[in-house]
Amino acid sequence: MSTSRNQMHLAAFVTAGPGRPGGWRYPGAEPNWLSASYYQHIGRILEQGRFDLMFFADILSVPDRFDNSMDSQLRYGALGSLRLDPTPILASVAAVTQHLGVAATVSTSYLEPFPVARSFATTDHLSHGRAAWNVVTSFQDSEARNFGNDRHIDRDKRYDRADEFLEVACKLWDSWEDDALVMDPAAPLFADPARVHRIDHEGEWFSVRGPLNVSRPPQGYPVIIQAGASPKGRDFAARWSDVIFCSHASLESARDFYQDVKARAVRHGRRAEDIRILPMATPVVGPTTEAARETRRRLEDLVPPLAGLSTLAYHLDVDLAGLPLDEPLPDVDVPGVQGHYKEVVEMTRRDGLTLRELGKRYGGRTEGAFVGTAAEVADGMEQWYSEGACDGFTIGAVHAPGAFEDFVRQVVPELQRRGVFRTEYEGTTLRDNLGLARPEAGAWRDRRFGA
């Protein structure tokens, strides 16, 4: 499998709900989040643009971290005001596409390995090898309370649980040998019992006998996605991930992260090219530079400051309600997402933002600052890629589906013209298109998924 870096990869960041407090209010945005046709339409657009995958974020509660209340989330249609279970959506999108990978976020903190492994094996079969799992450990007490716990698991312990969770899932995917499903009516032999194995896993967190009651996935293992910004999270991602999703406020911080995680992967016995690092980018494209900037200003104006601060409070797991709105964000101890905190600190110091301004900026943020004409957006993306800050991008939409349509119709052809993005898909599975090898059974033991 080719591992050359002559072309970037593209994922799309999608929420099964409004997601952005300004985006759903933007003229032309479609609020059809409760309809399968909405996600199928976006999937078709992305496949026309030759995207690698469509990635659904998820959370397991309506956030109430800001002022100990759900009010700002629900009132303003912020991050977690409405969020459908993404896993059923994957099959509906896969049914109307042929090449696009489909990824769902599923937490290792509150679910069990068997049903998760079964679900992703099923999706991988139904999509003919296009499934991916975004592994998260969750971090909010509000999520814990939906699963019978007063508080969330400590950071180090939740990564320990996640590590064992991934091990069990891989064992279950391996519990059927590749040729175990025979389906010979004349013999008769449906599945060879000698090629289907119990896993008999006994660990600190899980006891699972197995085998899985789904045959081995077409990709061997579904593609594993992870976003880890803390040292523990980076190490976990370097061991397990095929794709890493991250967020950076500057090319310099993205490049530092890229070099650090690739080096960690090598220390774990993997190759640097076994992992695709795709930072978040939220382009705003216009016929002129000023038109794109005006669109960005309009989007930011649609964000109530408290809506953005509510989302930031959720991400940081810090109640920001009592802080002065017209002063900068102070230094705070962040139990939540370290990467988002580093991003907003960098943004605050660089642009001299007050907390009120930060709320509007964060609620309508355009990660990567790719704002301008199609050529200007492509310039910025090509610079990040060529200077070793990424292997491609996870593209977010400031409003949907229109922003995805703008990107596919305007920016993708520009990237293709420059030769930095594909004009056709390379293979039949998501791993094929990402340039990643299919893991052999037992690959989890030394984490060498791409070897």
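For the structure itself, look to the data block above.
First, a word on scope: everything that follows refers to the structure included in this document. (Residues numbered from 1 in each chain as written. Predicted model: local features only at pLDDT ≥ 70, side-chain atom pairs only at ≥ 80, totals over all residues. Heavy atoms only, no water.)

## Quick notes on the overall build of the protein chain
Here is the rule: Segments assigned H or I by DSSP are reported as helices when at least four residues long, segments assigned E as strands when at least two residues long, and all are numbered from the N terminus. Computation of the radius of gyration draws on C-alpha atoms, with the globule rule given as 2.2 Å multiplied by the number of residues to the power 0.38. Think of it in three bands: with a 1.4 Å probe and only protein chains considered, a residue is buried below 20% of the maximum accessible area for its type, exposed above 50%, and partly exposed in between. Contacts: residue pairs with any heavy atoms within 4.5 Å of one another. The Shrake-Rupley method, run with a 1.4 Å probe, gives the accessible areas here. Residue values count only the displayed protein chains as cover. A residue counts as positive if it is Lys or Arg and as negative if it is Asp or Glu; His and the chain ends are not included. Here the site of a charge means atom NZ of a Lys, CZ of an Arg, CG of an Asp or CD of a Glu.
Along the protein chain, the regular secondary structure elements total 15 helices and 14 strands. Since a compact globule built from 451 residues should have a radius of gyration of about 22 Å, the 21 Å found for the protein chain is in line with a globular shape. Considering only C-alpha atoms, the protein chain reaches an extent of 75 × 55 × 45 Å along its principal axes. Residue burial in the protein chain is summarised as follows: out of 451 residues, 60% are buried. Summarising the internal contacts of the protein chain: among those between residues at least 6 apart in sequence, 76% fall at separations of at least 24. For the protein chain, the accessible area works out to roughly 17800 Å², and carbon and sulfur atoms hold 49% of it. In the protein chain, 51 side chains carry a positive charge and 63 a negative one; their mean positions are 1 Å apart.

## A closer look at the pattern of salt bridges
Inclusion rule: The salt bridge criterion pairs a side-chain nitrogen of Lys or Arg with a carboxyl oxygen of Asp or Glu, the two atoms within 4 Å.
Tallied over the entire structure, the rule returns 33 salt bridges. As a salt-bridge pair, Asp178 and Arg216 come within 3.2 Å of each other at their nearest N and O atoms. With a gap of 38 residues between them, Asp178 in the loop between α6 (155–174) and β5 (181–184) and Arg216 in the loop between β8 (207–208) and β9 (223–226) connect regions that are remote in the sequence. A relative accessible area of 49% places Asp178 in the partly exposed class. Of the charged contacts, one joins Asp351 and Arg350 as a salt bridge, the two residues approaching to 3.2 Å between their closest N and O atoms. Members of the salt-bridge network, linked through shared partners, are Asp163, Arg234, Asp235, Arg239, Asp260 and Arg264.

## Concerning helix α8 (residues 251–267)
Basically, it comes down to this: By this rule the span expected of a helix is its residue count minus one, scaled by 1.5 Å. Directions from the helix axis toward the C-beta atoms define the arc.
For α8, with 17 residues, the first-to-last C-alpha span of 24 Å sits near the 24 Å given by 1.5 Å per residue. Listed as buried for α8 are Leu251, Ala254, Phe257, Tyr258, Val261, Lys262, Arg264 and Ala265. The buried residues of α8 all sit within an arc of 155 degrees when viewed along its axis, so they share a single face. Looking at the buried side of α8, the elements it contacts are α7 (231–240), β10 (243–246), β11 (276–281) and α13 (374–386). After α8 finishes, the residue Gly269 shows a positive phi value of roughly 85 degrees.

## As for the pairing of strand β4 (residues 131–136)
The test is simple: We call two strands paired when DSSP finds no fewer than two bridges between them. We call a crossover right-handed when, viewed with both strands directed away from the observer, the connection leading from the first strand over the helix to the second proceeds clockwise.
Burial analysis of β4 places five of its six residues in the buried class, the great majority of the element. Strand direction decides the pairing type here: strand β3 (residues 101–107) and β4, joined by six bridges, are parallel. Looking across to β4, one finds that Ala103 is bridged to Ala132. Crossover handedness for the path β3 to helix α4 (residues 113–126) to β4: right-handed.

## What to know about the side chain of Thr108
Of note, Thr108 is situated in the loop between β3 and α4. Once residues lying within four places of it in the same chain are set aside, the contact partners of Thr108 are Trp133, Val135, Val136, Thr137, Arg161, Ala162, Phe165 and Leu166.

## Side note on the nonpolar core
Going by this rule: Only buried Ala, Val, Leu, Ile, Met, Phe, Trp, Tyr and Cys residues count toward a nonpolar core, and they belong to the same one when joined by side-chain atoms within 4.5 Å.
Counting 81 residues, the largest nonpolar core has Phe51, Trp133, Trp173, Met381 and Phe393 as its most contacted members. Filtering out sequence-adjacent residues up to four positions away, Trp133 remains in contact with Ala104, Val106, Thr108, Val116, Phe120, Phe165, Leu166, Ala169, Trp173, Val223, Ile224 and Ile225. By size, the runner-up hydrophobic cluster in this structure holds 17 residues, among which are Phe66, Leu316, Val344 and Val345.

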